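# Tertiary structure, described
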Amino acid sequence: MTKNAGHPAAEPCTGVTVAPAADEITSIKTATGKNASEFRNYTDSALQMRVAAHYRGMRLNQTVDFHKRMEEKYSFAPEKHRAVMSIQEAFQALEKYVDSSDPDIDQPNLTHMLQTAEGIRKAGHPDWMQLVGLLHDMGKIQFLWGDAANGQKGTAHGPQWALGGDTWVVGCAIPSSVVFPEFNALNPDMQDARYKSADGIYEAGCGIENLRWAWGHDEYMYRMLVANKTTLPKAALAMVRFHSAYPWHEKGEYARFMGPGDEVLLHWVRLFNRFDLYTKDEESAVDVEALWPYYQKLIDKYLPPGRLRW
Ligand SMILES: [Fe+2]
Ligand SMILES: [Fe+2]
């Protein structure tokens, strides 16, 4: 049992219980021949100053209390939503947004999301996973309702420490394998006896979905999809919710908290991650107008008709 109550149910979701075979998780060759080791440079990329400032802000501010405040701010309880929009309208709202936490990308998120979706489609993965490619970063829409004080400033260079970046679990010790571990000591929870131990507020085997992850676009979008009663399978929701959880899916942290079924979800999240990361190097522009009818069909298949609650 988890000690933290109040999380939305992970379910609705039918479907996939079988993880991809290991040989399905092949390394993706980028369009320009960039090596995998050239991505996720957190030491001396051209955007290093901006990226370091982002992670310093994350570590200074992402705490259990902050997470609870954001959970309240972004409640999807009846009549508590902030806007009603179609996916297409939300994309229009996101058009000028640029991620300040990512050393590999300096382009509109719509381009990145379509490239991710197209990479998944070309590799022959299921349509629900293609749709995850399209939707996975849409939680950055929170900038419409955020400000600098809560790390959700809507400008490309404003503080975005509650919108993007690698996430970790708040409420227990921050692993030293995170990017910018030198900022870990700045986290106020690491001075709090309730939160600074290895297990903190959690119990072994409580399940990865019962942990509070640093608040960002992942957590919001997961909650939004569940609140709107998506029929996407559980593996799809895990891809949305945990794609920034690098300490878990890349570094092997938090294994002690994993519960039944989490190993399967981990395989899927890892598979998705390769497309999220290695399609960022595509040179060809995506033709939004030409591609949209295909993706609108997937939206119609896995989301209810009409406008959605955001
Ligand atoms: Fe993301
Ligand atoms: Fe992404």
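My aim in this report is to walk through the structure given alongside it, one point at a time. Since the structure is predicted, the reported quantities are computational estimates derived from the model, not experimental observations. (Residues numbered from 1 in each chain as written. Chains lettered and ligands numbered in written order. Predicted model: local features only at pLDDT ≥ 70, side-chain atom pairs only at ≥ 80, totals over all residues. Heavy atoms only, no water.)

## Notes on the coordination of the iron ion (ligand 2)
Distances from the iron ion (ligand 2) to its protein donors, His112 (NE2), His136 (NE2), Asp137 (OD) and Asp276 (OD), fall within 2.1 to 2.3 Å. We note that the donor set of the iron ion (ligand 2) lies within a single chain, spaced as H-x23-H-D-x138-D. For His136, a relative accessible area of 0% puts it in the buried group. Owing to a relative accessible area of 6%, Asp276 belongs among the buried residues under this scheme. (Donors = N, O, S within 2.8 Å, 3.2 Å for Na, K, Ca; no water. Buried < 20%, exposed > 50% of the residue type's maximum accessible area, 1.4 Å probe, protein only.)

## Thoughts on the packing of aromatic side chains
On inspection of all chains with the given rule, the structure shows 16 aromatic pairs. Measuring from centroid to centroid gives 6.2 Å for Tyr74 and Trp215, while their planes differ by 15°, and the two rings are stacked. Highlighted residues: Tyr74 in the loop between α2 (64–73) and β1 (84–85) and Trp215 in the loop between α5 (127–135) and α6 (217–227), separated in sequence by 141 residues. We note that Tyr74, like Trp215, is buried. An angle of 80° between the planes, with centres 5.4 Å apart, marks the rings of Trp213 and Tyr254 as edge-to-face. Note that Trp213 is positioned in the loop between α5 and α6 and Tyr254 in the loop between α8 (246–249) and α9 (262–278), a separation of 41 residues in sequence. (Phe/Tyr/Trp six-rings, centres within 6.5 Å; stacked < 30°, edge-to-face > 60°. Helix = DSSP H or I, 4+ residues; strand = E, 2+ residues; numbered from the N terminus.)

## A closer look at the coordination of the iron ion (ligand 1)
Protein-derived coordination of the iron ion (ligand 1) comes from Asp137 (OD), His217 (NE2) and His243 (NE2), at a distance range of 2.0 to 2.2 Å. In the primary structure, the donors to the iron ion (ligand 1) are separated according to the pattern D-x79-H-x25-H. Separating the iron ion (ligand 1) from the iron ion (ligand 2) is a gap of 3.6 Å, bridged by Asp137, which donates to each. With Asp137 in the loop between α5 and α6 and His217 in helix α6, this residue pair connects regions lying 80 residues apart in the sequence. Residue His217 is classed as buried on the basis of its relative accessible area of 2%.

## Observations concerning the environment of Gly259
In this fold, Gly259 is placed in the loop between α8 and α9. Remark: the alpha-carbon pair of Gly259 and Asn210, spanning 49 residues in sequence, is separated by 9.7 Å. With near-sequence residues (within four places) excluded, Gly259 lies in contact with Gly205 and Gly207. (Contact = heavy atoms within 4.5 Å.)

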